[in-house]
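# Structural features, examined
Read off the chains here:
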Amino acid sequence: MAQTKIAIYPGSFDPITNGHVDLVKRTLRVFDQVVVAIARNQEKDNSLFTLEERLEMIREVFKGLGSRVKADSFDGLLVKYAKKTGAKVIIRGLRAVSDFEYEFQMAMMNRELAPDLETLFMMTGQSHFYLSSRLVKEVASLGGDVSAMVPKAVLKKLGERF
Ligand code: PNS
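I will try to describe carefully the structure that is included in this document. For clarity, every value in this text was computed on a predicted model and none was experimentally measured. (Residues numbered from 1 in each chain as written. Predicted model: local features only at pLDDT ≥ 70, side-chain atom pairs only at ≥ 80, totals over all residues. Heavy atoms only, no water.)

### Notes on a nonpolar patch on the surface
- Judged by side-chain polarity, Val97, Phe100, Phe104 and Met108 come together as a nonpolar surface patch covering roughly 410 Å² of accessible area.
- Considering the arrangement of structural elements, one finds Val97 in the loop between β4 (89-94) and α4 (98-113).
- With relative accessibility at 74%, the residue Val97 sits in the exposed group. (Patch = residues over 30% accessible without salt bridge, like charges linked within 9 Å, V, L, I, M, F, W, Y side chains within 5 Å. Areas by Shrake-Rupley, 256 points an atom, 1.4 Å probe, with all protein chains shown as cover. Salt bridge = Lys/Arg side-chain N within 4 Å of Asp/Glu carboxyl O. Helix = DSSP H or I, 4+ residues; strand = E, 2+ residues; numbered from the N terminus. Buried < 20%, exposed > 50% of the residue type's maximum accessible area, 1.4 Å probe, protein only.)

Below, the structure written as structure tokens:
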């Protein structure tokens, strides 16, 4: 039987946006399973949602896709987590050119640390090019309408928070 092709999609996901959701769906065209993995050591004091809340939102958003999308979190290095999970590929989204330098550095560092692990970049859908969790939080906190930018479960949570 063919091996299940697993991709890890790491990030902060504070909170997950429609841009992230689009990326997971695109990835599922190529991979059997996507593990949306929240880096725990990225939990800065200014995170809006707790790790549990973020995991819960991701699970809610993808519940219709069953075991094809898993939500998880990890401590320490991403490459170590990937090895433990058995994934050979890291997925990252690319939006504007400004993402490139940061992403390039991370991909190169991860390759240095784990040469057998590949980073694949997916282009974000056109309608999500301007989207980021940071801006969504800022707009929502100032009373702006973010209903077209985040899944319903996230919109509800943002509404409770602000
Ligand atoms: O969504 P983000 O905040 O841009 O995601 C960054 C993330 C979580 C992918 C990155 O910071 C990461 O991989 N953190 C885990 C620790 C690690 O492996 N650091 C070295 C990266 S080269």
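### Thoughts on the environment of Asp22
- Residue position: Asp22 is located in helix α1 (residues 18-27).
- The buried category is assigned to Asp22, whose relative accessible area is 18%.

### Describing helix α5 (residues 133-141)
- Every buried residue of α5 is accounted for by Ser133, Val136, Lys137 and Ala140. All buried residues of α5 project into a common sector of 100° when viewed along the axis, lining one side.
- Where the residues of α5 are buried, they touch α1 and α6 (152-161).
- Downstream of α5 by one or two residues, Gly143 has phi in the positive range, about 85°. (Arc of directions from axis to C-beta. Contact = heavy atoms within 4.5 Å.)

### Regarding the sheet that holds strand β3 (residues 69-74)
- Within the open sheet, the five strands sit side by side as β3-β2-β1-β4-β5. Their pairing is parallel. Every interior strand has two partners, whereas the edge strands, β3 and β5 (118-123), have only one. When the angles between neighbouring strand axes are averaged without regard to direction, this sheet yields 35°.
- Where β4 lies against β5, six bridges are found, and the strand directions are parallel. From the neighbouring strand, Gly93 faces β5, where its bridge partner is Met122.
- Docked against the sheet, helix α2 (residues 51-61) engages β2 (33-39) and β3, running at close to 170° with respect to β3. (Pairing = 2+ DSSP bridges. Axes fitted to C-alpha atoms, helices over the stretch in contact; angles between N-to-C directions.)

That is the geometry; function is a separate question.
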